[in-house]
Amino acid sequence: MHPRQGPYASKVHPAQIRGARAMLGWTQNDLAVRSGVAKRSIAGLELETSRPKLETIRRIVATLSGGGIEFDNSDVDGIGIRLKMTSRNEHKSTDRK
């Protein structure tokens, strides 16, 4: 588990999830496949129409962190995400449309 992700997993904002997926070029389906979380759970979290279990959020955050995303909830004035560029980053969608 990424050290910056652990304490913030329960405080992650839906906009951070959407933004992280966009930065990685992942669809909701990509995130679902990679994290093992149902696509409908991801959609509900992002749309703020459901309150997923803490373990679900942790799996999503861990998966995005594994893709190179760093979550930053340390600023009292706001939240953010950043993409750490590494040779391991996979920014391609697995969807075939």
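Described below are features of the structure shown in this document. (Residues numbered from 1 in each chain as written. Predicted model: local features only at pLDDT ≥ 70, side-chain atom pairs only at ≥ 80, totals over all residues. Heavy atoms only, no water.)

1. So, the overall build of the chain
Consideration 1: Scanning the chain for helices and strands turns up four helices and two strands.
Consideration 2: Moving toward the C terminus, one meets the helices and strands of the chain in the order α-α-α-α-β-β.
Consideration 3: When burial is assessed residue by residue, the chain has 37% of its 97 residues classed as buried.
Consideration 4: On the chain, roughly 6,000 Å² of surface is accessible, and the fraction owed to carbon and sulfur atoms is 51%. (Helix = DSSP H or I, 4+ residues; strand = E, 2+ residues; numbered from the N terminus. Buried < 20%, exposed > 50% of the residue type's maximum accessible area, 1.4 Å probe, protein only. Areas by Shrake-Rupley, 256 points an atom, 1.4 Å probe, with all protein chains shown as cover.)

2. So, the nonpolar core
Consideration 1: Ile17, Leu31, Ile60, Leu64, Ile69 and Phe71 are the most contacted members of the largest nonpolar core, which has 17 residues in total.
Consideration 2: Of all the secondary-structure elements, those providing two or more residues to this core are helix 1 (14–24), helix 2 (28–35), helix 3 (39–47), helix 4 (54–66) and strand 1 (69–72).
Consideration 3: Ignoring anything within four residues of it in the chain, the contact list for Leu31 reads Ile17, Arg21, Trp26, Gly36, Ile42, Ile60, Thr63 and Leu64. (Core = buried A, V, L, I, M, F, W, Y, C linked by side-chain atoms within 4.5 Å. Contact = heavy atoms within 4.5 Å.)

3. Concerning the packing of helix 2 against helix 4
Consideration 1: Axis separation between helix 2 and helix 4 bottoms out at 9 Å; the angle between their running directions is 100°. Classified by the angle between their axes, helix 2 and helix 4 sit roughly perpendicular to one another. On helix 4, the residues that touch Leu31, Arg34 and Ser35 of helix 2 are Arg59, Ile60, Thr63 and Leu64.
Consideration 2: Of the residues contributing to the contact of helix 2 with helix 4, the split by class is three nonpolar, two polar and two charged. (Axes fitted to C-alpha atoms, helices over the stretch in contact; angles between N-to-C directions. Parallel < 35°, antiparallel > 145°, perpendicular 65-115°, else oblique. Nonpolar A, V, L, I, M, F, W, Y, C, P; charged D, E, K, R; others polar.)

4. Some words on unusual backbone geometry
Consideration 1: One non-glycine residue, Glu48, adopts positive backbone phi at about 60°.
Consideration 2: Structurally, the position occupied by Glu48 is in the loop between helix 3 and helix 4.

5. With respect to helix 2
Consideration 1: Listing the buried residues of helix 2 in full gives Gln28, Asp30, Leu31, Ala32 and Ser35.
Consideration 2: Where helix 2 is buried, its residues meet helix 1, helix 3 and helix 4.
Consideration 3: A distance of 3.3 Å separates the backbone nitrogen of Asn29 from a side-chain oxygen at the start of helix 2, and that oxygen is part of Thr27.
Consideration 4: Taken from the residues just after helix 2, Gly36 is the one with a positive phi, measuring 75°. (Polar contact = N/O pair within 3.5 Å; in protein donor to acceptor, adjacent residues only side chain to side chain.)

6. Points about the environment of Leu64
Consideration 1: With respect to the helices, strands and loops of the structure, Leu64 is situated in helix 4.
Consideration 2: Sequence separation between Leu64 and Leu31 is 33 residues, and the spatial gap between their C-alpha atoms is 7.9 Å.
Consideration 3: Among all residues touching Leu64, those that are not within four sequence positions of it are Ile17, Ala20, Arg21, Leu24, Trp26, Leu31, Ile69 and Phe71.

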